[in-house]
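If you want the building blocks of each chain, they are given just below.
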Amino acid sequence: MRRPVIAGNWKLFKTIGEATTLVNDLKVRTAGITGVDIIVAPVFTALSSVATATVGSNIRLAAQNCFWEESGAYTGEVSASLLKDAGCSHVIIGHSERRQYFAETDATVNRKIHAASAAGLTVIACVGETLTEREAEQTFVVIETQLQGALAGLRSDAVAGLIIAYEPVWAIGTGKSASEAQAQEVHAFIRSLLERLFGLPVATAVRILYGGSVKPETISGLMSQPDIDGALVGGASLSAESFAAIAGYSA
Ligand code: 13P
């Protein structure tokens, strides 16, 4: 059985103080939740403080991006090993906002995934189609291209440890979640693609999260789908009450 993952992507929100307050509140609200990996992804500047606050809790820490080089003359970048140093166990790579605003491509996503895996971070690799692509019935083509590009050259054992997030761009921040059936259809496609590329044991092991306007009211239905193993939550992760309700969906 795949262990469910509920991850909160805080995007460009919260000061160090606000992030610490939020995670302290979350710690209390999620203390009784077992059987779910709970992850939060604050901005870089808050990572270290949130890491300190989560010591001894069941909350894990993710960064929202990393660079592929370990160190060097790369002004403004942060490497995977420095994220580990700051207390991260996970890193989100290839979010659609990075693809849209920061020229992230399947090739750069691939380099980052290699670097993060080598550093021992668990990668949350994001894929997802735009509305135009969905309406042109290109969803599966887009997902296949993104996934093949992202995972190129990775060994099967590295892929088995990955988390993949399917986030349809049209559902992010719009309040318009994919339906359970729409999400399940793409998740099943991703799993079949993983089987084709890396074999059944890998496809069975990889956890595939849905992201895009997930709310406390929608999480149970999504989690009832056979290939949906968790959620990557944006807006609803910024409040301890709603994120804890999502993480405690099975209670
Ligand atoms: P929303 O939950 O705000 O739609 O954001 C989803 C997302 O982009 C998570 O990475």
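Residues numbered from 1 in each chain as written. Predicted model: local features only at pLDDT ≥ 70, side-chain atom pairs only at ≥ 80, totals over all residues. Heavy atoms only, no water.

Draft legend 1. Spotlight on the overall build of the protein chain. A count of helical and extended segments in the protein chain gives 12 helices and 8 strands. When the backbone C-alpha atoms are referred to their principal axes, the protein chain occupies close to 45 × 45 × 35 Å. Here the protein chain, with 251 residues, has 51% of them falling under the buried criterion. For the protein chain, the proportion of contacts with a sequence separation of at least 24, taken over those separated by at least 6, is 72%. For the protein chain, the accessible area works out to roughly 10,800 Å², and carbon and sulfur atoms hold 55% of it. Averaging the coordinates of the 19 positive side-chain charges in the protein chain and doing the same for the 24 negative ones gives two points 5 Å apart. (Helix = DSSP H or I, 4+ residues; strand = E, 2+ residues; numbered from the N terminus. Buried < 20%, exposed > 50% of the residue type's maximum accessible area, 1.4 Å probe, protein only. Contact = heavy atoms within 4.5 Å. Areas by Shrake-Rupley, 256 points an atom, 1.4 Å probe, with all protein chains shown as cover. Lys, Arg positive; Asp, Glu negative; His and termini not counted. Charge placed at Lys NZ, Arg CZ, Asp CG, Glu CD.)

Draft legend 2. Examining the site of the ligand more closely. For the ligand, the set of nearby residues contains 13 residues, the closest of which are Lys11, His95, Gly173, Ser213 and Gly235. Here an oxygen atom of the ligand and a side-chain polar atom of Lys11 are 2.8 Å apart. At a separation of 2.8 Å, an oxygen atom of the ligand approaches a polar backbone atom of Gly235. (Near = heavy atom within 4 Å. Polar contact = N/O pair within 3.5 Å; in protein donor to acceptor, adjacent residues only side chain to side chain.)

Draft legend 3. Up close: the side chain of Glu129. Note that Glu129 resides in the loop between β5 (122-127) and α6 (131-135). Reaching out from Glu129, the side chain makes a polar contact with the side chain of Tyr166 at a distance of 2.9 Å. Setting aside residues up to four positions removed in sequence, Glu129 forms contacts with Arg134, Thr139, Val142, Ile143, Tyr166, Pro168, Val169 and Trp170.

Draft legend 4. Expanded view of helix α7 (residues 139-151). With 13 residues, α7 should cover 18 Å at 1.5 Å per step; its first-to-last C-alpha distance of 18 Å lies within 8% of that length. By the burial criterion, the buried members of α7 are Thr139, Val142, Ile143, Gln146, Leu147, Ala150 and Leu151. Each buried residue of α7 lies within a common arc of 135° when the element is viewed along its axis, so the set occupies one face. Looking at the residues trailing α7, positive phi occurs at Gly153, about 80°. (Expected span 1.5 Å × (residues − 1). Arc of directions from axis to C-beta.)

Draft legend 5. Spatial organisation of unusual backbone geometry. For Lys11, which is not glycine, the phi dihedral falls at a positive 50°. Judged by relative accessible area, Lys11 falls into the buried class, the value being 19%.

Draft legend 6. Structural view of the nonpolar core. One finds Ile190 and Leu194 to be the most contacted residues of the largest nonpolar core, which totals 70 residues. Discounting residues that sit within four places of it in the chain, Ile190 has contacts with Val127, Ile143, Leu147, Ile164, Tyr166 and Ile208. Ala41, Ile92, Ile163 and Leu232 belong to the second-largest nonpolar core, a separate cluster that totals 12 residues. (Core = buried A, V, L, I, M, F, W, Y, C linked by side-chain atoms within 4.5 Å.)

Draft legend 7. Representation of the environment of Asp157 within the structure. Structurally, Asp157 is set in helix α8 (residues 156-160). Distance from Asp157 to Phe198, taken between C-alpha atoms, is 9.2 Å for residues 41 residues apart in sequence. Within the local environment of Asp157, its side chain forms a polar contact with the side chain of Arg155, the two groups lying 2.6 Å apart.

Draft legend 8. Spotlight on the packing of aromatic side chains. The full count for this structure, using the stated rule, is 5 aromatic pairs. Between Tyr101 and Phe102, the ring centres sit 6.4 Å apart and the planes meet at 80°, which makes this aromatic pair edge-to-face. The exposure class assigned to Tyr101 is exposed, which follows from its relative accessible area of 55%. Relative to Phe189, the ring of Phe140 lies with its centre 4.4 Å away and its plane at 15°, an arrangement referred to as stacked. With Phe140 in helix α7 and Phe189 in helix α9 (residues 180-198), this pair connects stretches of sequence that are 49 residues apart. (Phe/Tyr/Trp six-rings, centres within 6.5 Å; stacked < 30°, edge-to-face > 60°.)

Draft legend 9. Expanded view of the packing of helix α5 (residues 106-118) against α7. As a packed pair, α5 and α7 sit with axes 7 Å apart at the nearest point and diverge in direction by 40°. For the element pair α5 / α7, the angle class is oblique. In the packing of α5 onto α7, the handedness of the crossing is right-handed. Here α5 contributes Asp106, Val109, Asn110 and Ile113 to the contact with α7, which in turn contributes Thr145, Gln146, Gly149, Ala150 and Leu151. Residue composition of the contact of α5 with α7, grouped by class: 4 nonpolar, 4 polar and 1 charged. (Axes fitted to C-alpha atoms, helices over the stretch in contact; angles between N-to-C directions. Parallel < 35°, antiparallel > 145°, perpendicular 65-115°, else oblique. Left-handed = near helix turned anticlockwise from the far one by under 90°. Nonpolar A, V, L, I, M, F, W, Y, C, P; charged D, E, K, R; others polar.)

Draft legend 10. Structural detail: the sheet that holds strand β3 (residues 59-63). The sheet built from 8 strands closes into a barrel, its strands ordered β1-β2-β3-β4-β5-β6-β7-β8 with parallel pairing. Each neighbouring strand pair of the sheet contributes to a mean axis angle of 25°, computed without reference to strand direction. Across 4 bridges, β5 lies against strand β6 (residues 163-166) in parallel orientation. Directly across from Val127, in β6, lies its bridge partner Tyr166. (Pairing = 2+ DSSP bridges.)

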